Each structure stands twice: as C-alpha cells, then as structure tokens.
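What follows is each chain in one-letter form.
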Amino acid sequence: MGGRLRRLAVMLAVVVPLPLAGCAGSGRQDVADAGPPPPEAHTAPWRPAAPVEAGTTVLSLWAREIGCANGAPATGRIPPPAVEYGPDTIVIKVRIEPLAAADCPDNPETPLTVALREPVNGRTLLDGGFDPPRVPPGTTLQPHPFPNN
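Read on for an overview of the structure. (Residues numbered from 1 in each chain as written. Predicted model: local features only at pLDDT ≥ 70, side-chain atom pairs only at ≥ 80, totals over all residues. Heavy atoms only, no water.)

## With respect to the state of the cysteines
Point 1. Scanning the model with the defined rule gives 1 disulfide in all.
Point 2. Between Cys68 and Cys104 runs a disulfide, and the two sulfur atoms are separated by 1.5 Å. Disulfide Cys68 to Cys104: torsion about the S-S bond roughly 60°, handedness right-handed. Here Cys104 lies in the loop between strand S6 (95-96) and strand S7 (109-115) and Cys68 lies in the loop between strand S3 (58-64) and strand S4 (82-85), a separation of 36 residues in the sequence. (Disulfide = S-S within 2.5 Å. Helix = DSSP H or I, 4+ residues; strand = E, 2+ residues; numbered from the N terminus.)

## Focus: the pattern of salt bridges
Point 1. According to the stated counting rule, one finds 5 salt bridges in the structure shown.
Point 2. Between Glu65 and Arg77 there is a salt bridge, with the nearest N and O atoms lying 2.7 Å from each other. Here Arg77 lies in the loop between S3 and S4 and Glu65 lies in the loop between S3 and S4, a separation of 12 residues in the sequence.
Point 3. In this structure Glu65 comes out as buried when scored by relative accessible area, which is 4%.
Point 4. Accessibility expressed as a relative area gives 12% for Arg77, which makes it buried.
Point 5. Salt bridges linked by common partners bring Arg117, Glu118 and Arg123 together as one network. (Salt bridge = Lys/Arg side-chain N within 4 Å of Asp/Glu carboxyl O. Buried < 20%, exposed > 50% of the residue type's maximum accessible area, 1.4 Å probe, protein only.)

## Observations concerning the sheet that holds S4
Point 1. A sheet is described by the order of its strands in space; here 3 strands give the open sequence S4-S5-S8, paired in mixed fashion. Edge strands, defined here as strands with exactly one partner in the open sheet, are S4 and strand S8 (124-127). For this sheet, the mean inter-axis angle between neighbouring strands, taken without regard to orientation, is 20°.
Point 2. Of the pairings in the sheet, the one linking strand S5 (residues 89-93) to S8 comprises 4 bridges and is parallel in character. Bridge pairing in S8 places Ile90 opposite Leu125. (Pairing = 2+ DSSP bridges. Axes fitted to C-alpha atoms, helices over the stretch in contact; angles between N-to-C directions.)

## As for the pairing of S4
Point 1. The sheet contact formed by S4 and S5 spans 4 bridges and is antiparallel. Counted as the bridge partner of Tyr85 is Ile90 from S5.
Point 2. Connecting S4 to the next strand, S5, in antiparallel fashion are 3 residues.

Laid out in structure tokens, this is it:
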C-alpha cells in the first residue's frame, strides 16, 4: 500500500499545478504584475505670499505639500489650480502630484502664481482643499477664520 500512496502523491503533485498554470493566460491580471498605481494629485493647503488688494488679478501663493516628498519643494509637480468665482468668494484648490516613492521629512512651501480672470474686488479668498473651503492664514482682506482666545 505504501507504493500506491507514493504514486498517488506524485500524480497529484504533477496534475494539480497544471490547471493553475492554465489560469495565467486566461486574461486575469495578478495584482503583483500590475505595478504601483499611477500617482494622483492631492490637495495642498496654500497661503498668500504677498498682500492681496481689490484689484489683484495675479496671486502669489505658497503651497505646502502634505504627502511625502523627501523634504523637497513641489516645483514642477503643481498642475493649474481649480478656481471658482462667486459673487462673494474666490475658491482656489491647489493640487500637487506626489512623488512615486519618498521619505517623509517636513516639506518646504513652494511658490505658485495664479492668474485670475477677474480681480479680487473685496471677495474672500478660500482654500478649496478643505471641506468646507476655508480662509487661508495670511489673507489680508478677511480675518483668520479661527477666533482669538
């Protein structure tokens, strides 16, 4: 009986992997073969780099990357921001394309220039990277949104 059991074990060892090997060409993609997902831009808080006046149509901003970036600025990785114009507000959403692999020391602010199609004209500037959008620190036309205690 010992010889019969050994032959059965050998047959199973040869037969069982064959159907599994057939799955490799079945169109199913193994997660390990897919590689890392493409990086997606993530929101970044910003603040004005210069005073904002009623007639301002070009904003100088500082944006800070929240994700890991080896402690480097986000220069060259900031797509054009989304800007929404309302009667009382201008909402600006800055996004930064992350690095594929990076360490996480604190990141410096990155300078950014945003050309507005309309002057500020007393409207409140809001950082659209928050829900709800909030007044960024350093905005001179409106007070900081947090009360002084």
